[in-house]
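Residue strings, one per chain:
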Amino acid sequence: MRRVAAAAAVAAGFLCGIMVFTISANAQEQVDLEMFGKIRAEGYERSQVMEFYNRFVDVYGPRLTGTRIYKESADWVRDRFEEWDLDNARLESWEFGRGWTLEGFTAEMISPRFDYLIAYPTAWSPSTKGRIEGRPVILAGKSLAELETLRGSLADRIVMTRPAETRFIVTDRDPPVDERPGGYSDDYLQQEPAGRRELQQFLSSEPIGAILEPSRGVHGTVFVLGRDRGDDYPPVISMAAEHYNMITRMLGLGLPVEVAVEVKARFEEEDTNGYNILAEIKGTDPEIGDEVVMLGAHLDSWHTSPGAGDNADHVAACMEAVRILKVLGVRPRRTIRVAIWGGEEEGLLGSREWVERHLSGDENRDAREKFSVYFNLDPGYGPVYGFFLEEMESARPIFKAVLDEFADLDANTLVHQGIGSTDHVPFLRAGVTAFNAINSYVDYDVRIHHTNMDTWERVTEDEMKQASVVMAALIYHAAMRDGMFPRREDR
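All residue numbers refer to position in the chain's written sequence, counted from 1. Reporting in this predicted model follows two pLDDT cut-offs: at least 70 for local features of residues, and 80 or more for side-chain atom pairs to be given and counted; totals over whole chains, interfaces and linings ignore these cut-offs and use all residues. Remark: hydrogens and water are excluded; side-chain values derive from all non-hydrogen atoms of the structure.

## Examining helix 3 (residues 49-60)
- Helical segments are the DSSP runs of H or I of at least four residues, strand segments are the runs of E of at least two, and each set is numbered from the N terminus. To estimate the expected span of a helix, count its residues, drop one, and scale the result by 1.5 Å. For helix 3, which comprises twelve residues, the first-to-last C-alpha distance of 16 Å matches the rise-based estimate of 16 Å (1.5 Å per residue) to within 8%.
- Contacts are assigned to residue pairs with any non-hydrogen atoms lying within 4.5 Å of each other. Buried positions along helix 3 lie against helix 4 (68-83), helix 8 (308-327) and helix 14 (461-480).

## Description of the packing of helix 2 (residues 33-45) against helix 8
- Look at helix 2 against helix 8: their axes get within 10 Å of each other, and the N-to-C directions meet at 120°. Compared by their axis directions, helix 2 and helix 8 come out oblique. Seen along the crossing, helix 2 lies across helix 8 with a hand that is right-handed. Contacts between helix 2 and helix 8 pair Ile39, Glu42 and Gly43 from the former with Glu320, Arg323, Ile324, Leu325 and Val327 from the latter.
- Taken together, the residues that form the contact of helix 2 with helix 8 break down as four nonpolar, one polar and three charged. Each axis is a line fitted through C-alpha atoms, taken for helices only over the stretch in contact, and angles between the N-to-C directions span 0 to 180 degrees. An angle below 35 degrees is treated as roughly parallel, one above 145 as roughly antiparallel, one from 65 to 115 as roughly perpendicular, and anything else as oblique. We call a crossing left-handed when the near helix sits turned anticlockwise from the far one by less than a right angle, and right-handed when that turn is clockwise. Each residue gets one of three labels, nonpolar for Ala, Val, Leu, Ile, Met, Phe, Trp, Tyr, Cys and Pro, charged for Asp, Glu, Lys and Arg, and polar for the others, Gly among them.

## A short note on the environment of phenylalanine 202
- Its location among the elements puts phenylalanine 202 in helix 6 (residues 196-205).
- Not counting residues within four places of it along the chain, the set of residues in contact with phenylalanine 202 comprises Leu147, Arg151 and Leu154.

## Observations regarding the sheet that holds strand 6 (residues 119-121)
- Pairing between two strands requires that DSSP report at least two bridges joining them. Sheet architecture is open: five strands sit in the order 6-11-10-9-8, paired in mixed fashion. Looking at strand neighbours, the two that pair on one side only are strand 6 and strand 8 (137-138), the edges of this open sheet.
- Taken together, the four bridges between strand 10 (residues 210-214) and strand 11 (residues 236-239) define a ladder with parallel strand orientation. Paired with leucine 212 across the strands is isoleucine 237, a residue of strand 11.

## Side note on empty space enclosed by the protein
- Both cavities and pockets are sets of points on a 1 Å grid over the protein atoms alone; in a cavity a 1.4 Å probe fits but cannot get out, in a pocket the set is open with protein on both sides within 12 Å along at least five of seven lines, and lining residues sit with an atom within 4 Å of a point. Grid points are joined across faces, edges and corners, and a volume is the space filled by probe spheres set on the points. In total, this model carries two cavities of 30 Å³ or more according to the counting rule given.
- Its boundaries defined by the atoms lining it, the largest cavity holds a volume of some 60 Å³.
- Ser301, Trp302, His303, Thr304, Ser305, Gly307, Asp310, Glu345, Ile448, His450, Thr451 and Asp454 together form the lining of the largest cavity.
- Residue classes in the lining of the largest cavity are distributed as two nonpolar, seven polar and three charged.
- Classifying every residue of the lining of the second largest cavity by side-chain character gives six nonpolar, three polar and two charged.

Scope: geometric values only; no functional claims are made or implied.
Next up, the structure:
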């Protein structure tokens, strides 16, 4: 994918109000070029998107669901919505469970020489019993019978549960191509060797000091997720493959390897809620003002980096998109709603809960009938290159009419297929129309997604300005056009 040449785009985009509407040659779809020009001007000349991005990345940092830091960042988003005089700015809570904060961590090889080890505890790992030192015990490849012979001998020991890592993640997903199977899966982060469940049962029954596991990243990149396994499960430490494999080889040579680790973590149980943040620009048309156009992105991240490209950039872009429209005094025919989700990383929890409450079931039939479309930003990072059409060819002329006006920003890619594992999926399952943007995947799967390398430098200011402007124009058009977006059953 190409980087966005934003400066040139501003000059190319102005039409100075010469013509209010143009008609797409493809489907007689009217677009408001005068407003698109105003959106470009506000979004490129008076942008605030970097203020939002810096706040998430540098002030708050990692925003794990269920933590005080996540709640503070959610409150800040709501406060900005209120400051801009958006309608009904609010938090919507849902039961999540206890949060988790990492307060300190060390991992070192202390014999036969000293070396810092690149590693991170997985989320919701409990603290170790202080600093633990010793020769690691390799459990990888042992049968259940062999594990039973070790029962009672592993108290406070450091164990290695996987063989040396050889399945490295070295390629990103291909950019989506129209009419070809698309989407991707997180399976590469979740594969478990045979007998893994039995090994986990054994580990949870023994007072082990800490578990070391290899990451599949390269060049010091560590993929780190996590889940709450309860207080009795040992701390799990994900280690850079280069260091994990080094220790494995050294143990195989019979060298006197000793490792020291210490995890200082705190469970947060004062507030066990997750939070979504929502606000609207109310529709003004007396006939269709209660119909809804919606955009959103998830605010939560994992804990090893500030989640810059996953997904602070896109939250900032969504905020900037609605700010642009509000500053321009837009009076949309339909209601424009922005949603900033929590709990995405743990399984689309925030969006699933919202859809279940507000769109699913017989009791929400009327809401579904008045729901036009949802646009989601994630996965990938930075600019909006286009959209996955979810096999809804009936929507192509609408997207094309809008995005062709931003072809100079490389924003006009449309592909027939859909994509999974994002916050638009619960909307699709509820039977309403929803789409996900195509963003940049350069280094995303290899270096950024769920890693310690998802830092401020991954995204440029021009890329976020581009995403904000494109999304502002798209939601404006969806809110102003005569009809709603096509229904799923009409695709």
